[in-house]
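# Residue-level structural notes
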Amino acid sequence: MIPGHHPRRRVLGGLLAAGGALTLGAATTPASAAAGKGTGTRPTVVLVHGVFADASGWNAVTARLLRAGFRVIAPANPLRDLAGDAAYVRSVLDTIPGPLILVGHSYGGEVITNAGRGHAGVKALVYVAAFAPDEGESALDLAEKFPGSQLESALVPRPYPIPGAKPGLDGYIDPAKFHDVFAQDLPRAQTDVMATAQRPGSIGGLSGASGVPAWKSLPSWYVVATADRVIPPAVQRFMAERAKSTVVEVKKASHVVMMSCPDNVVHHIEAAYRATR
């Protein structure tokens, strides 16, 4: 290295100096930029994952949306606390020009319910086997509203440190039960890999009270997974009816319906686009 030459420092300085430009470009990857050419005001679809998963769970949906000409971003949901998670996703929305469709899976539905509230760019909400809480409700409240969830008996708690405070508590799904509870319509070899890389859900986040829901002021669509063993179908139907969502039911689909039946999910997202463009 040449004395006094610091390439890493120079790169970081350039990034900091270009902050304004980064704001507008953050939502467009090279792949999504190419797919979005010529789409005019076609919205950016923001895919928000839930607990026990990560953004890769949207890969099949993302590939189809990109081929259809949508811009897509699937941010990493922090999964720490509802207010903080919603604030983070909203900060991502603030970097994306043009109209937005928010899509949430599982706990991600609770996040978009809060992140989308009052945001001028958001045109529609799409819930995919997801929580759509009303004000004051939590994911844990709703999961127990009707019988059928197998999640509680499959959870493995693990404490995690919080600087300056008591430790928090994360919940994982027991790998031995992951396939049968979370994704019984996927090959076991695939779910065994998913179980090893699952991202836990903070119990504090899952028990956090939701704010005024965005679905009270925005049109919504809902994909009901009829064989869901995490959020019972009866709970999904209750939330969808309350939100006045346009509903499609996917027969025999597990909680990860976006992975096992991506075409159904994409068709519902496209329906939201057609209704709100």
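Residues numbered from 1 in each chain as written. Predicted model: local features only at pLDDT ≥ 70, side-chain atom pairs only at ≥ 80, totals over all residues. Heavy atoms only, no water.

## So, the confidence of the model for the protein
Counting all residues, the mean pLDDT for the protein is 89, and 86% of those residues have values of 70 or more. This stretch, residues 5-9, has a pLDDT under 50; its non-local contacts, to residues over four places away or in other chains, come to two contacts. Residue range residues 11-39 is modelled with pLDDT below 50. Its contacts to residues more than four positions away, or to other chains, number 21 contacts. (pLDDT = per-residue confidence, 0-100. Contact = heavy atoms within 4.5 Å.)

## Here's the deal with the side chain of threonine 62
Position of threonine 62 relative to the elements: it lies in helix α4 (residues 59-67). Taking the relative accessible area as the measure of exposure, threonine 62 reaches 18% and is therefore buried. Residues contacting threonine 62, with those up to four places away along its chain left out, are Leu47 and Val72. (Helix = DSSP H or I, 4+ residues; strand = E, 2+ residues; numbered from the N terminus. Buried < 20%, exposed > 50% of the residue type's maximum accessible area, 1.4 Å probe, protein only.)

## Section: the pattern of salt bridges
Overall, the coordinates contain seven salt bridges when judged by the stated rule. Between aspartate 263 and arginine 64 there is a salt bridge, with the nearest N and O atoms lying 2.6 Å from each other. With aspartate 263 in helix α13 (residues 262-276) and arginine 64 in helix α4, this residue pair connects regions lying 199 residues apart in the sequence. By relative accessible area, aspartate 263 is classed as partly exposed at 39%. Here arginine 64 falls in the partly exposed class, since its relative accessible area comes to 25%. Two residues, lysine 216 and aspartate 134, come together in a salt bridge whose shortest N-O distance is 3.4 Å. Placement of lysine 216 in the loop between α10 (203-206) and β8 (220-225) and of aspartate 134 in the loop between β4 (122-130) and α7 (139-143) is noted, with a sequence separation of 82 residues between them. Residue classification places lysine 216 among the exposed residues on the basis of a relative accessible area of 54%. Through salt bridges that share partners, Arg237, Glu249 and Lys251 make up one connected network. (Salt bridge = Lys/Arg side-chain N within 4 Å of Asp/Glu carboxyl O.)

## Here we look at helix α6 (residues 107-115)
With respect to burial, α6 is a largely interior element, nine of its nine residues being buried. Three or more residues of α6 are buried, namely Tyr107, Gly108, Gly109, Glu110, Val111, Ile112, Thr113, Asn114 and Ala115. Its buried side turned inward, α6 meets β1 (44-48), α5 (82-93), β3 (100-106), β4, α7 and α10.

## Topic: helix α9 (residues 188-196)
Listed in full, the buried residues belonging to α9 are Thr191, Met194 and Ala195. Mapping the buried residues of α9 onto a view down its axis gives an arc of 100°, with all of them on the same face. Of the exposed residues in α9, those oriented more than 90 degrees away from the buried face are Ala189, Val193 and Thr196. (Arc of directions from axis to C-beta.)

## A closer look at the pairing of β8
Taken across its six residues, β8 has six buried, putting it largely inside the fold. Here β4 pairs with β8 via four bridges, running parallel. Following the sheet pairing, valine 126 is matched in β8 by tryptophan 221. Two elements, β8 and strand β9 (residues 246-250), share five bridges in a ladder whose sense is parallel. Looking at the pairing, valine 223 lines up with valine 248 of β9. (Pairing = 2+ DSSP bridges.)

## Digging into the side chain of serine 245
In this fold, serine 245 is placed in the loop between α11 (233-242) and β9. At a separation of 2.6 Å, a polar atom in the side chain of serine 245 contacts the side chain of serine 220. Beyond its immediate chain neighbours, meaning those up to four positions away, serine 245 contacts Ser220, Trp221, Tyr222 and Ala240. (Polar contact = N/O pair within 3.5 Å; in protein donor to acceptor, adjacent residues only side chain to side chain.)

## Considering the packing of α5 against α6
The geometry of α5 relative to α6 is characterised by a closest axis approach of 8 Å and an angle of 65° between their N-to-C directions. Comparing their axes, α6 and α5 come out roughly perpendicular. The two elements α5 and α6 cross, and the hand of that crossing is right-handed. Facing α5, whose interface residues are Leu82, Asp85, Ala86, Val89, Arg90 and Leu93, α6 presents Tyr107, Glu110, Val111, Asn114 and Ala115. Split into classes, the residues belonging to the contact of α5 with α6 amount to seven nonpolar, one polar and three charged. (Axes fitted to C-alpha atoms, helices over the stretch in contact; angles between N-to-C directions. Parallel < 35°, antiparallel > 145°, perpendicular 65-115°, else oblique. Left-handed = near helix turned anticlockwise from the far one by under 90°. Nonpolar A, V, L, I, M, F, W, Y, C, P; charged D, E, K, R; others polar.)

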